[in-house]
Amino acid sequence: MTANAITLFRLFLTFTVIAIFRRHPYIDIACIITILIIFILDSVDGIVARKHNQTSKFGAVFDIAADRIVENVFWIYFAFIIDFIPYWMPIVVVTRGILTDGIRGFALTDGKTPFEMMSAAWTRALTSSRFSRGLYGFAKTLVFIFLPIVDLLRPENTTLNIPFINTTVIDTFSLVSVIIAYVAVAMCLIRGFPVLIDGWQYIKRS
């Protein structure tokens, strides 16, 4: 399977999850596992591209576009169905994505991929280093796994019959989910700021 095919498969799984979530508690469990697979595949497509020498400007742009679709869809969807996540969170994430991708579009006309446009060492470290991308990916994975778990553990999902699930457990999961969501949004903004810095030269040139 090629890297781009893996990316397409991730998009397919994403829309499948939001299409069938909340149909049945056991389907929800399968969706949570699928979300984990979606974010694991985010690393796999890059590994496959490098291993089989399939790296390209299109692949780089397509991968970022797919990442943007996945995270925006999940942010909007879970903020809508789970009422303890503030609506400003998906608004901030979507706005940040539009701004950074717009700036990256200027760089692309100059032949620079989204990661190649980062000129300073500190901006590359924040946006394109494996550590930064891995940490942000891990934060997003936790958010989009914890949010559906909280929804799954709500009292109305009594068909699960889990004896140790009580109000304290649900409240704890809810609090942890919100904290991780704040961390993920903060990281989203921090990783977007260097794009504005290095991208300004391409905007002025245009």
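Above this text is the structure in question.
These figures come from a predicted structure and were not determined experimentally.

Trainee: I'd like a rundown of the overall build of the protein chain, residues and numbers included.
Mentor: Tallying secondary structure elements over the protein chain gives seven helices and zero strands in all. In terms of overall size, the protein chain behaves like a compact globule, its C-alpha atoms giving a radius of gyration of 18 Å where 206 residues would be expected to give roughly 17 Å. Each principal axis of the C-alpha atoms in the protein chain carries an extent, and together these give about 60 × 35 × 25 Å. Counting over 206 residues, the protein chain shows a buried share of 45%. The contacts in the protein chain between residues at least 6 apart in sequence include a share of 81% that link residues at least 24 apart. Summing over all exposed atoms, the protein chain offers an accessible surface of approximately 10800 Å²; the carbon and sulfur share of this is 70%. The averaged location of the 14 negative side-chain charges in the protein chain is 9 Å from the averaged location of its 18 positive side-chain charges.

Trainee: For the layout of surface pockets, give the residues involved together with the corresponding values.
Mentor: Considering only enclosed or pocket space, the largest pocket measures out at about 1000 Å³ in volume. Residue lining of the largest pocket: 40 residues in total, with Asp42, Asp63, Asp67, Phe115 and Arg133 positioned closest to the centre. Listed by contribution, the elements that provide at least two residues to the lining of the largest pocket are α1 (3-20), α2 (25-51), α3 (57-81), α4 (88-109) and α6 (130-152). With 10 residues, α2 is the single largest residue contributor to the lining of the largest pocket. Looking at the lining of the largest pocket residue by residue, the class counts come to 13 nonpolar, 13 polar and 14 charged.

What counts, and where the lines are drawn
- Residues numbered from 1 in each chain as written.
- Predicted model: local features only at pLDDT ≥ 70, side-chain atom pairs only at ≥ 80, totals over all residues.
- Heavy atoms only, no water.
- Helix = DSSP H or I, 4+ residues; strand = E, 2+ residues; numbered from the N terminus.
- Rg over C-alpha atoms; globule rule 2.2 N^0.38 Å.
- Buried < 20%, exposed > 50% of the residue type's maximum accessible area, 1.4 Å probe, protein only.
- Contact = heavy atoms within 4.5 Å.
- Areas by Shrake-Rupley, 256 points an atom, 1.4 Å probe, with all protein chains shown as cover.
- Lys, Arg positive; Asp, Glu negative; His and termini not counted.
- Charge placed at Lys NZ, Arg CZ, Asp CG, Glu CD.
- 1 Å grid on protein atoms, 1.4 Å probe; cavity = no way out; pocket = protein on both sides within 12 Å on 5 of 7 lines; lining within 4 Å.
- Points joined across faces, edges and corners; volume = space filled by probe spheres on them.
- Nonpolar A, V, L, I, M, F, W, Y, C, P; charged D, E, K, R; others polar.

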